[in-house]
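Structural overview for review
The residues making up each chain are set out below.
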Amino acid sequence: MEVERESKLISTIWEGYVDWRNRPALTNRHGGLVAASFVLVVEVLENLAYLANASNLVMYLSEYMHYSPSNSANSVTNFMGTAFLLALLGGFLSDAFFTTYHIYLISALIEFMGLVILTIQARSDSLKPAKCKPDTPCEQVHGAQAAMLFIGLYLVALGVGGIKGSLPPHGAEQFDGETPQGRKQRSTFFNYFVFCLSCGGLIAVTFVVWVEDNKGWQWGFGISTLAILLSIPIFLAGSPFYRNKIPRISALTTISKVLIAALLNSCASRNSSSSIASLASSPSTIPVLSNEDEETTDIKQVESTNIPSKSLRFLNRAVVKTPAFCGALKCSVQEVEEVKIVMKILPIFACTIMLNCCLAQLSTFSVQQAATMNTKFGQLKVPPASLPVFPVLFIMLLAPIFDYFIIPFARKVTKTEMGITHLQRIGIGLFLSVVAMAIAALVEIKRKRVATEAGLLDFAKPLPITFFWIAFQYLFLGSADLFVLAGLLEFSFSEAPFSMRSLATSLSWASLAIGYYLSTAIVSIVNSVTGNSKHQPWLSGGNLNHFHLDRFYWLMCILSALNFIHYLYWARKYKYRSVSSK
């Protein structure tokens, strides 16, 4: 009877998970759709708080802090890049030391403090540079004022990074990846995570941006502050329903140990007889693997035979019976296989960076383009920073269509559980980014032609062309973002080892960060290469009409096309490690 009671108790517990009070999580009480729904509501408020400022920040820096167009654009991309890069820190801490539950709460409080600082600065004229005077150069923010601005901004960036690194995996962890139903629900969660992200963005780029432009930036920052503050009690309300993954050994420690051990043992093996572990195993325990089986063998199967797989063979040298140097570097087969999985994910992650470099233009040059055009919609004057409403609305429309119609249809056609694979989704998004940049170049050519014909090249007056032309590039890039972001989030989470899920999921946001940094680098390189004594750099000057933005967009189109070809190589080579994931 005692054994039967213990068996029933074990069957009702989520192995590797605890509740918010650090007690074992129960299968009939924790996790599931109810728990994930709190995460989705929180994501609406969190992205509202972040995007309300990020989408319009380029105008705030140029009009109120008196940065030049190029400097304000670079400051925005650096801020957004830092925020997303810090998602790696949030993911690392969630896997190694804290739960995603605690990292979200800490990060939300940090972002709240940053927004409070920005609200106070926007409200007080003494904390901003003096207003511009006629016939005198504007005074750019400096000294203590600049320090306050960047302290506030980068506290927000730190908070956003922690949230992005913890919230998506926290929601995904609520589903049982061992069952087909759980995997389908998890896939639906990622689709609706992007949907809710877009809902928050819709409110941000319409209502909050209108408030910033018409009522003052102190009110815009105030709304963001209230949104992130409100998200905390809503998140806490879901505490009784969450199952929280127990932190394990640091993923970076495992990766570093395997790489160092493989390198040192490789050097030592040239002068010693150290052999790879398990090579002495009896033939009966060694499975015969085809090339495809080598790639898709599950980690548990590999460890049960104590034989490392044949892919990325140089890492197998980390598994030796007698370590060449110290016992601390001795690695298990499972650790080696986990690192191999991460290594195989990295090329896919790297191929998404170029798309995010293109997306960076939506927050910088595209907003500045729209500011030169006729932004009236009937009697309503639309703020240029509200242009992202077009991709946001399209994402909100496409996400449920994709989940309820496209995926079920694809499952029937392909007779597979996924219907459309993660890599296929990412590939569709990358192809759309190529189309988007070609459209952006054509639209810019048209905009400059109108400015020339109207004789307004040297004037700041609105051009006689509607800003709806810019909507086309937003539409295609927004669609690309939906496919790539949702696909990469699910791909990273599903394929990553159990102990590295948060860190792997954070790669989706790190891709955004590197894309923004790359955008800044490309702008600087383009200006350096194209500028000389006879010609003005393509992306320099006080008037956007004198930029060669169309050439820049063609360059981005070519780079995106080359990146897409590069992605196809790695996507065709990649083999999914297993259908299920714990």
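To keep things clear, this report deals only with the structure shown in the data block. Every value quoted in this text rests on a predicted model; they were computed, and no experiment measured them. (Residues numbered from 1 in each chain as written. Predicted model: local features only at pLDDT ≥ 70, side-chain atom pairs only at ≥ 80, totals over all residues. Heavy atoms only, no water.)

1. Quick notes on the environment of C357
Position of C357 relative to the elements: it lies in helix α14 (residues 353–359). For C357, a relative accessible area of 0% gives the class buried. (Helix = DSSP H or I, 4+ residues; strand = E, 2+ residues; numbered from the N terminus. Buried < 20%, exposed > 50% of the residue type's maximum accessible area, 1.4 Å probe, protein only.)

2. Quick notes on helix α8 (residues 180–214)
For α8, built from 35 residues, the straight-helix expectation of 51 Å at 1.5 Å per residue is met to within 8% by its first-to-last C-alpha distance of 50 Å. Positive phi shows up at G216, right after α8, with a value of about 120°. (Expected span 1.5 Å × (residues − 1).)

3. Section: the sheet that holds strand β2 (residues 24–26)
Read from one edge of the open sheet, 3 strands run β2-β1-β3, paired in antiparallel fashion. What marks the edges here is a single partner per strand, and that holds for β2 and β3 (244–245). In this structure, strand β1 (residues 13–18) lies alongside β3, joined through 2 bridges in antiparallel fashion. Looking at the pairing, V18 lines up with N244 of β3. (Pairing = 2+ DSSP bridges.)

4. Describing the layout of surface pockets
Picture a little ball the size of a water molecule; that probe, rolled over the atoms, points out where space is still empty. Put simply, the largest pocket is a space of about 840 Å³. Around the largest pocket sit 31 residues that line it, and M59, E63, Q368, A371 and T372 are the ones nearest its centre. For the lining of the largest pocket, the secondary structure elements donating two or more residues are α3 (57–63), α8 and α15 (365–371). Broken down by class, the residue content of the lining of the largest pocket amounts to 17 nonpolar, 10 polar and 4 charged. (1 Å grid on protein atoms, 1.4 Å probe; cavity = no way out; pocket = protein on both sides within 12 Å on 5 of 7 lines; lining within 4 Å. Points joined across faces, edges and corners; volume = space filled by probe spheres on them. Nonpolar A, V, L, I, M, F, W, Y, C, P; charged D, E, K, R; others polar.)

5. Considerations on the state of the cysteines
Within the structure shown, the criterion is met by 0 disulfides. The thiol of C199 is unpaired, and the distance to the nearest cysteine sulfur, on C196, comes to 5.5 Å. (Disulfide = S-S within 2.5 Å.)

6. Remarks on unusual backbone geometry
One non-glycine residue, N22, adopts positive backbone phi at about 70°. You can see N22 is positioned in the loop between β1 and β2.

7. Some details on the environment of Q369
By the element assignment, Q369 lies in helix α15. Its relative accessible area of 0% is what places Q369 among the buried residues. C-alpha separation for the pair Q369 and R447, spaced 78 residues apart in sequence, amounts to 8.5 Å. Residues in contact with Q369, not counting those within four places in the same chain, are E444, R447, I470, Q473, L544, L549 and Y553. A distance of 2.6 Å separates the side chain of Q369 from the side chain of E444, its partner in a polar contact. Of the polar contacts made by the side chain of Q369, one reaches the side chain of Y553; its length is 3.0 Å. (Contact = heavy atoms within 4.5 Å. Polar contact = N/O pair within 3.5 Å; in protein donor to acceptor, adjacent residues only side chain to side chain.)

8. Quick look at the nonpolar core
Within the largest apolar cluster, 145 residues are counted, with the highest numbers of intra-cluster contacts made by Y60, F189, F365, W509, L539 and F552. Top element by residues in this core is helix α2 (residues 33–54). It accounts for 14 residues. Not counting chain neighbours up to four residues away, the residues in contact with Y60 comprise M65, A122, K128, L149, W217 and F221. Counting residues in hydrophobic clusters, the runner-up holds 18 residues, among them A261, L315, V333 and V336. (Core = buried A, V, L, I, M, F, W, Y, C linked by side-chain atoms within 4.5 Å.)

9. Thoughts on the environment of T27
Position of T27 among the secondary structure elements: in the loop between β2 and α2. On the basis of relative accessible area, T27 is assigned to the partly exposed category, the value being 33%.

10. Describing the packing of aromatic side chains
Aromatic rings considered in pairs are described by the distance between their centres and by the relative angle of their planes. The tally for this structure, following the rule as stated, stands at 26 aromatic pairs. Relative to F235, the ring of Y101 lies with its centre 5.5 Å away and its plane at 35°, an arrangement referred to as tilted. Taken together, the residues span a long stretch of sequence, with Y101 in helix α6 (residues 100–123) and F235 in helix α9 (residues 217–237) at a distance of 134 residues. Three or more aromatic residues link up through ring pairs in this structure, and these residues are F38, Y101, Y104, F235, F241 and Y242. (Phe/Tyr/Trp six-rings, centres within 6.5 Å; stacked < 30°, edge-to-face > 60°.)

11. Concerning the packing of α2 against α9
Closest axis-to-axis distance for the α2/α9 pair is 8 Å, and the angle between their directions is 160°. With respect to each other, α2 and α9 are oriented roughly antiparallel. Pair α2 / α9 crosses with left-handed handedness. Of the residues in α9, those touching α2 at F38, V41, V42, L45, E46, L48, A49, A52 and N53 are W217, G220, F221, I223, S224, A227, I228, L230, S231, I234, F235 and A237. Residues that form the contact of α2 with α9 fall into these classes: 16 nonpolar, 4 polar and 1 charged. (Axes fitted to C-alpha atoms, helices over the stretch in contact; angles between N-to-C directions. Parallel < 35°, antiparallel > 145°, perpendicular 65-115°, else oblique. Left-handed = near helix turned anticlockwise from the far one by under 90°.)

12. Re the pattern of salt bridges
Under the counting rule described, the total for this entry stands at 7 salt bridges. One salt bridge connects D19 with R23, and the closest N-O pair in it is separated by 3.0 Å. Classification of D19 by relative accessible area gives buried; the value is 3%. Residue classification places R23 among the partly exposed residues on the basis of a relative accessible area of 41%. Salt-bridge contacts for D95 lead to K245; the nearest nitrogen and oxygen are separated by 2.7 Å. (Salt bridge = Lys/Arg side-chain N within 4 Å of Asp/Glu carboxyl O.)

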